[in-house]
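Tertiary structure, described
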Amino acid sequence: MSWSMFRFREHWAHAHDVQQETFMALAAMYVEANPTYRAVPWLREWQAFWLRSIGRQPNGLTDVCADDYLTDDGRVAQFRGFLRDYQSWLIASEGPLRTAAGLGAEKLVEFAQTVDAVLAGDNAHPNVQLVQQ
């Protein structure tokens, strides 16, 4: 199994490559399916990056480039709201997702919760670490 890292500002967490790549695919699908998020230009740009990046990044170096798209606190707050809605969608779509993605909603929700904890700088989360300067 290979590992990736989700990094934002001063915090990071490990993730399985398959979780991060599945996030990029399913989150892109969710952006497309939700009119609220489909109307957000910077999220559409990030969505296009996710779709271009799936399967093209070397083992252990998968990067969703959060710092490139979450450029201010307003975007961070909006994306954290997106993550909450995305998690609800994952839970509601458990059966088809397990079939399509090969991962259960619990692993996908766990990844989204870890991303949210990194974005929040939540040092109490067991997977979140400070970037060493």
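Above this text is the structure in question.
Time to look at the overall build of the chain. If you tally the helices and strands in the chain, you get seven helices and three strands. Reading the helices (α) and strands (β) of the chain from amino to carboxyl end gives β-β-α-α-α-α-α-α-α-β. Of all 133 residues assigned to the chain, the portion counted as buried reaches 47%. A sequence separation of at least 24 residues applies to 63% of the contacts in the chain between residues at least 6 apart. When the accessible surface of the chain is summed, it comes to about 6,900 Å², and 52% of that surface belongs to carbon and sulfur atoms.

Turning our attention to a negative patch on the surface. A cluster of acidic residues, Glu-10, Asp-63, Asp-67 and Asp-68, forms a negative patch on the protein surface. Structurally, Asp-63 can be placed in the loop between α3 (41–53) and α4 (66–69). Asp-63 sits in the partly exposed class, given a relative accessible area of 34%.

This paragraph deals with the nonpolar core. In terms of nonpolar packing, the biggest core is built from 38 residues, with Leu-43, Trp-46, Trp-50, Phe-79 and Phe-82 touching the most fellow members. Every element with two or more residues in this core is listed here: β1 (3–8), β2 (11–16), α1 (17–33), α3, α4, α5 (73–92) and α7 (105–120). No other element matches the eight residues that α7 contributes to this core. Other than its neighbours up to four places away in sequence, Trp-46 contacts Val-64, Cys-65, Ala-66, Tyr-69, Leu-70 and Phe-79.

Here we take up the packing of α1 against α3. Here α1 crosses α3 at 140 degrees, and the two axes come no closer than 9 Å. Classed by the angle they form, the pair α1 and α3 counts as oblique. Here α1 and α3 pass one another in a crossing that is left-handed. On α3, the residues touching Glu-21, Phe-23, Met-24, Ala-27, Ala-28, Val-31 and Glu-32 of α1 are Leu-43, Arg-44, Gln-47, Trp-50, Leu-51 and Ser-53. For the contact of α1 with α3, the residue count by class is eight nonpolar, two polar and three charged.

Rules behind the numbers
Residues numbered from 1 in each chain as written. Predicted model: local features only at pLDDT ≥ 70, side-chain atom pairs only at ≥ 80, totals over all residues. Heavy atoms only, no water. Helix = DSSP H or I, 4+ residues; strand = E, 2+ residues; numbered from the N terminus. Buried < 20%, exposed > 50% of the residue type's maximum accessible area, 1.4 Å probe, protein only. Contact = heavy atoms within 4.5 Å. Areas by Shrake-Rupley, 256 points an atom, 1.4 Å probe, with all protein chains shown as cover. Patch = residues over 30% accessible without salt bridge, like charges linked within 9 Å, V, L, I, M, F, W, Y side chains within 5 Å. Salt bridge = Lys/Arg side-chain N within 4 Å of Asp/Glu carboxyl O. Lys, Arg positive; Asp, Glu negative; His and termini not counted. Charge placed at Lys NZ, Arg CZ, Asp CG, Glu CD. Core = buried A, V, L, I, M, F, W, Y, C linked by side-chain atoms within 4.5 Å. Axes fitted to C-alpha atoms, helices over the stretch in contact; angles between N-to-C directions. Parallel < 35°, antiparallel > 145°, perpendicular 65-115°, else oblique. Left-handed = near helix turned anticlockwise from the far one by under 90°. Nonpolar A, V, L, I, M, F, W, Y, C, P; charged D, E, K, R; others polar.

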